[in-house]
Amino acid sequence: MGFTEQMTDFLVQHQTLLRFGAFAGLLVMFSLLEALFERKARSAKRLQRWPGAFGLFVVGGVVSRLLVAGITVGAAGWASAHHVGLLNWAQPLAPLFAWMIAIVALDLAIWAQHLAMHAVPVLWRLHRVHHSDIDIDAMTAIRFHPIEIVLSLLYKAAIIAALGAPVGAVILYEITLNAMALFNHANLRLPPWLDRLLRAFIVTPDFHRVHHSVEMAETNSNYGNLLSFWDRLFGQYRAEPKAGHARMTIGLEAFRDRHDLLALMIQPFKNALR
Ligand SMILES: [Zn+2]
């Protein structure tokens, strides 16, 4: 059995534990590291923001399990069984090469989805729930409206089927995507040389914080999650916020006061200027 087959067996067998373990472990780890190496002073108490974010995460988890459980890995399995999708048609392709293409292509697809969430007004209503957080830390990474979560899973499944992405690559990418979201939202001070080195390849906390600026021009930049390359390639990259990281304001002008679960759930249906 080849390396990618062994890897796939391992990822499929232990996927619940791996997903949950990586997610919970990193959420706790980054939340502790933020306290030790804080990048930006908080504007609100954690208790004002965290319960609502965690509530959204629980509701999103339940809703997506009820409506679209396992749809992304299911799409990959279906594409492979029915010989559907670009990578399945491109056989024979070295399996490791197919994994790499799948992961890079999925990252581009997620980048494009993120851009669309900002550009299309009805999608922005959903996505602005994430952006209305008035501080940014690892807990911001779980603050997404359940409808956005479900739409995003449907979109991802369609891309996975069209690509014919291998099952193992999909599981690995999803674990990486979650880990990266926790990392790049963290309110974490990295040594400048390390930030510079990392951001040549991947999205760092300073890179992503620009995207959570209250300045709309800054909000509408730096859409990347894993690879920092896409924003540079498509001219959406901004190195720093105008006001600097310490002084920049995080969030949206229109939604600053309420961060409880109910307020976040109904926020997409409220009218506000961008
Ligand atoms: Zn965004």
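Residues numbered from 1 in each chain as written. Predicted model: local features only at pLDDT ≥ 70, side-chain atom pairs only at ≥ 80, totals over all residues. Heavy atoms only, no water.

Caption draft 1: Examining the overall build of the protein more closely. Looking only at helices and strands, the protein has 14 helices and zero strands in total. Listing every helix and strand of the protein by position from the N terminus yields α-α-α-α-α-α-α-α-α-α-α-α-α-α. Over its C-alpha trace the protein gives a radius of gyration of 19 Å, about what one expects of a compact globule, namely 19 Å for 274 residues. With the principal axes as the frame, the protein shows a C-alpha extent of 55 × 40 × 35 Å. When burial is assessed residue by residue, the protein has 47% of its 274 residues classed as buried. (Helix = DSSP H or I, 4+ residues; strand = E, 2+ residues; numbered from the N terminus. Rg over C-alpha atoms; globule rule 2.2 N^0.38 Å. Buried < 20%, exposed > 50% of the residue type's maximum accessible area, 1.4 Å probe, protein only.)

Caption draft 2: Representation of the side chain of Asn-187. Checked against the element boundaries, Asn-187 lands in the loop between helix H9 (167-185) and helix H10 (192-199). Ignoring anything within four residues of it in the chain, the contact list for Asn-187 reads Glu-34, Phe-37, Glu-38, Arg-39, Lys-40, Arg-42, Ile-136, Asp-137 and Arg-209. (Contact = heavy atoms within 4.5 Å.)

Caption draft 3: Spotlight on the packing of helix H6 (residues 95-119) against H9. Remark: H6 packs on H9, axes separated minimally by 9 Å, with the N-to-C direction vectors making an angle of 45°. Judged by the angle between their axes, H6 and H9 are oblique. Helix-helix and strand crossings are classified by hand; for H6 and H9 the assignment is right-handed. On the side of H6, the interface is formed by Trp-99, Ala-102, Ile-103, Leu-106, Asp-107 and Ile-110, while H9 contributes Gly-168, Ala-169, Val-170, Leu-172, Tyr-173 and Leu-177. Class assignment for the residues of the contact of H6 with H9 results in 10 nonpolar, one polar and one charged. (Axes fitted to C-alpha atoms, helices over the stretch in contact; angles between N-to-C directions. Parallel < 35°, antiparallel > 145°, perpendicular 65-115°, else oblique. Left-handed = near helix turned anticlockwise from the far one by under 90°. Nonpolar A, V, L, I, M, F, W, Y, C, P; charged D, E, K, R; others polar.)

Caption draft 4: Region of interest: the coordination of the zinc ion. Coordination of the zinc ion by the protein is provided by His-114 (NE2), His-118 (NE2), His-127 (NE2), His-131 (NE2) and His-211 (NE2), with metal-donor distances spanning 2.1 to 2.2 Å. Read in sequence order, the donor residues coordinating the zinc ion give the pattern H-x3-H-x8-H-x3-H-x79-H. Of this pair, His-114 and His-118 both sit in helix H6, four residues apart, roughly one helical turn. According to the relative accessible area criterion, His-118 is buried, its value standing at 2%. (Donors = N, O, S within 2.8 Å, 3.2 Å for Na, K, Ca; no water.)

Caption draft 5: The arrangement of unusual backbone geometry in detail. One non-glycine residue, His-83, adopts positive backbone phi at about 50°. Along the chain, the position of His-83 falls in the loop between helix H4 (71-81) and helix H5 (86-89). Classification of His-83 as partly exposed rests on a relative accessible area of 44%. In this structure, Asn-222 takes a positive phi of about 50° despite not being glycine. Note that Asn-222 resides in the loop between helix H12 (216-219) and helix H13 (229-233).

Caption draft 6: Structural context of the layout of surface pockets. In this model, the largest pocket occupies a volume close to 1400 Å³. Lining the largest pocket are 42 residues, with Phe-57, Ile-149, Leu-153, Lys-156 and Asn-178 sitting closest to its centre. Broken down by secondary-structure element, the contributors of at least two residues to the lining of the largest pocket are helix H2 (15-36), helix H3 (46-68), H4, H6, helix H7 (121-131), helix H8 (146-163) and H9. Class assignment of the residues belonging to the lining of the largest pocket gives a composition of 19 nonpolar, 18 polar and five charged. One number sums up the size of the second largest pocket: a volume of about 310 Å³. (1 Å grid on protein atoms, 1.4 Å probe; cavity = no way out; pocket = protein on both sides within 12 Å on 5 of 7 lines; lining within 4 Å. Points joined across faces, edges and corners; volume = space filled by probe spheres on them.)

Caption draft 7: Highlighting the pattern of salt bridges. Counting across every chain of the model gives 13 salt bridges. For the salt bridge of Asp-133 with Arg-49, the shortest nitrogen-to-oxygen distance reads 2.6 Å. In this pair, Asp-133 sits in the loop between H7 and H8 while Arg-49 sits in helix H3, placing the two residues 84 residues apart along the sequence. Judged by relative accessible area, Arg-49 falls into the buried class, the value being 1%. (Salt bridge = Lys/Arg side-chain N within 4 Å of Asp/Glu carboxyl O.)

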